[in-house]
Amino acid sequence: MRYHIILSIILFFGWSFTSCAQETQSLKIGVISDPHYLSEQLMDNGSAIQNAVNSGGKAITDVPQVLDQVLAEYLKSDIEVLLIPGDMTKDGEKQSHIDFVKKLQPLIDKGVRVFVVPGNHDVNVPNPVRYEGDKTYPVESVTPMEFRHIYSDCGYNRALRRDTASLSYVAQLNNDTWLLAIDGCRYKEHTTSTISSGQISPSTERWIVEIMNEAKQKNIQVVSMMHHGLVEHIMFQATFFKDYVINDWQRLAPLFADLGMKAIFTGHFHANDITEYRSPSGNKIYDIETGSLCAYPFPYRFVELNKKGMKVSTKNITSIPNNPTISEDNKAIMHERGRAIAISKIRSMGLQLPDATLSLMADMIGKIFVMHLAGDEVVDEELKTTIKQLSKELDSSMPVPTDNIELDFYPADNNVEISF
């Protein structure tokens, strides 16, 4: 009798310890975004694709090898889930979507649960093309229904429920956690070009609120995924880059935080950045934006998620077989792109600046732009020198406190532990 009592106690405590261990065990997640993959069947090494690369700055011809390298590392890792918040393809080519899923197939076969949500370059894209020699030729795009079918094994077949008004869905990550995949893209309005800005329809918003309320009743933790940013990641982003933050974000961010959403994985701006947002009621939500696999710094993330928070770590592709200096090469391209954006914005504001002053200001903004892409921005000596030169050019009598300039919103962007 005494033996049975002792055995029962051992079994009880053994079960209790096992149960507690499972409850606190982290879910291992990989995150990539904005690969802008163009199927190898739709391009050669001709001048047409090179012109497209040169005009947009995206390393489209290198993406297949970058993607292969990242997915191979994920395949060797212990991730259980892979999140991809949109812009899987260059311009919504049906063949690109089909071939992209083929690249994911080894992970799916291993048992990794892959979840996607569309970006503005994925559905109903007008005039997608293939590149052959010095010419382009029309190819098929995909409808929302075709997108859902192609990615049936990447979230849609695992959905607990789907939104009837969009490609949004909710899926179970584990017994304690749901993933809310939000489709905020405006592909239904596409005519002659894509629309970069994002909008959550009233119907989809009501569906999101219903899901969040149900999760709260069941004591389920909710993390989310959406292509567009939920909050600003740089100062005045909603003013100068409004298409990269979801429309009406000032209302939606506190709404989602107060409903209990803990974190949202985003992309779109091609920067590797994490921002903490607190609602007026004091509730926190973290917007974890992952940079693009088609541009510097070619980042991909590893996340360990549990009920208390998450640990985020980041790796970057610096070389591939066909381009050993891909990272440094594209960094220079992104700096020039940042300068061009700055000059365009300054001129659009009607500011009349001497050429030397305009060049210095553009150079400063270009440097900050590249820093933001990589995350964990710190004002280095080179940037301090540029700021001081610009101050001198503007004949400013005020001292420039370069030692106190803060460029990055809290918390850290690449490697950080977040508490819910």
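Since this is a predicted model, take the numbers as computed values, not measurements.

K.L.:
What am I meant to see in the overall build of the chain here?
P.N.:
Along the backbone of the chain there are 11 helices and 15 strands. Its C-alpha radius of gyration of 23 Å places the chain within 12% of the 22 Å reference for a compact globule of 420 residues. For the chain, the C-alpha atoms occupy an extent of roughly 95 × 55 × 45 Å along the three principal directions. Residues counted as buried form 53% of the 420 residues belonging to the chain. Here the analysis covers contacts within the chain between residues at least 6 apart in sequence; of these, 71% occur between residues at least 24 apart. Accessible surface, the chain: about 19,600 Å² in total, of which carbon and sulfur atoms supply 52%.

K.L.:
For this particular structure, what's the right way to read the sheet that holds strand S10 (residues 261-266)?
P.N.:
Either a parallel or an antiparallel arrangement is found when strands of a sheet pair, and the pairing is made through backbone hydrogen bonds. What the seven strands build is an open sheet, ordered S6-S7-S8-S9-S10-S12-S11; its pairing is mixed. Two strands close off the open sheet at either side, each with one partner strand: strand S6 (159-162) and strand S11 (273-278). Going across the sheet, the axis of each strand differs from the next one's by a mean of 20 degrees, ignoring polarity. Where helix H6 (residues 202-217) meets the sheet, it contacts S6, strand S7 (169-174), strand S8 (177-182), strand S9 (221-226) and S10, and its direction lies at approximately 175 degrees from that of S8.

K.L.:
Would you explain the pattern of salt bridges in this entry?
P.N.:
Applying the stated criterion across every chain, the model contains 21 salt bridges. Measuring nitrogen to oxygen at the nearest pair gives 3.6 Å for the salt bridge that ties Lys 94 to Glu 146. With a gap of 52 residues between them, Lys 94 in helix H4 (residues 94-110) and Glu 146 in helix H5 (residues 144-150) connect regions that are remote in the sequence. Exposure remark for Lys 94: the relative accessible area of 24% places this residue in the partly exposed category. Take Glu 146: its relative accessible area is 26%, and that puts it in the partly exposed class. Put simply, Arg 251 and Glu 205 hold a salt bridge, and the shortest N to O gap is 2.8 Å. Of the two residues, Arg 251 is situated in helix H8 (residues 249-259) and Glu 205 in helix H6; the sequence distance between them amounts to 46 residues. Overall, the relative accessible area of 38% leaves Arg 251 in the partly exposed class. Connected via shared salt-bridge partners are Arg 339, Asp 363, Lys 367 and Glu 382.

K.L.:
Honestly, the pairing of S10 in this entry has me stumped. Any pointers?
P.N.:
The side chains of a regular strand alternate between both faces of the sheet. Burial runs high along S10: five of the six residues are buried. Sheet topology places S9 next to S10; four bridges connect them, and they run parallel. For Val 223, the partnering residue across the bridge sits in S10 and is Ala 263. One ladder, built from four bridges, connects S10 with strand S12 (residues 284-289); its direction is parallel. Residue pairing across strands places Ala 263 opposite Tyr 286, the latter belonging to S12.

K.L.:
Could you clarify how one ought to interpret the state of the cysteines in this entry?
P.N.:
Defined simply, a disulfide is a covalent bond joining two cysteines at their sulfur atoms. In total, this model carries zero disulfides according to the counting rule given. Cys 185 carries a free sulfur, and the closest cysteine sulfur to it, the one in Cys 294, is 16 Å from it. Note on Cys 185: relative accessible area 11%, which makes it buried.

K.L.:
Looking at this structure, how should I read the sheet that holds strand S13 (residues 299-305)?
P.N.:
The strand order across the open sheet formed by six strands is S3-S2-S1-S13-S14-S15, and the pairing between neighbours is mixed. The open sheet has two free edges, formed respectively by strand S3 (113-116) and strand S15 (416-419), since each of these has just one partner strand. Taking the axes of each pair of neighbouring strands and ignoring which way they run, one obtains an average angle of 20 degrees across the sheet. The pairing of S13 with strand S14 (residues 309-316) spans seven bridges and is classified as antiparallel. Its bridge partner being in S14, Pro 299 is matched across the sheet by Asn 316. In the packing of helix H3 (residues 63-76) onto the sheet, contacts are made with strand S1 (27-31), strand S2 (81-84), S13 and S14, and the angle to S13 comes to roughly 25 degrees.

K.L.:
Explain a nonpolar patch on the surface to me, please; I cannot follow it from the model alone.
P.N.:
A cluster of nonpolar side chains, Met 235, Phe 236, Phe 240, Met 349 and Leu 351, forms an exposed patch at the surface whose accessible area comes to about 530 Å². Residue placement: Leu 351 occurs in the loop between helix H9 (326-348) and helix H10 (355-374). When its relative accessible area of 42% is taken as the criterion, Leu 351 is described as partly exposed.

Parameters at a glance
- Residues numbered from 1 in each chain as written.
- Predicted model: local features only at pLDDT ≥ 70, side-chain atom pairs only at ≥ 80, totals over all residues.
- Heavy atoms only, no water.
- Helix = DSSP H or I, 4+ residues; strand = E, 2+ residues; numbered from the N terminus.
- Rg over C-alpha atoms; globule rule 2.2 N^0.38 Å.
- Buried < 20%, exposed > 50% of the residue type's maximum accessible area, 1.4 Å probe, protein only.
- Contact = heavy atoms within 4.5 Å.
- Areas by Shrake-Rupley, 256 points an atom, 1.4 Å probe, with all protein chains shown as cover.
- Pairing = 2+ DSSP bridges.
- Axes fitted to C-alpha atoms, helices over the stretch in contact; angles between N-to-C directions.
- Salt bridge = Lys/Arg side-chain N within 4 Å of Asp/Glu carboxyl O.
- Disulfide = S-S within 2.5 Å.
- Patch = residues over 30% accessible without salt bridge, like charges linked within 9 Å, V, L, I, M, F, W, Y side chains within 5 Å.

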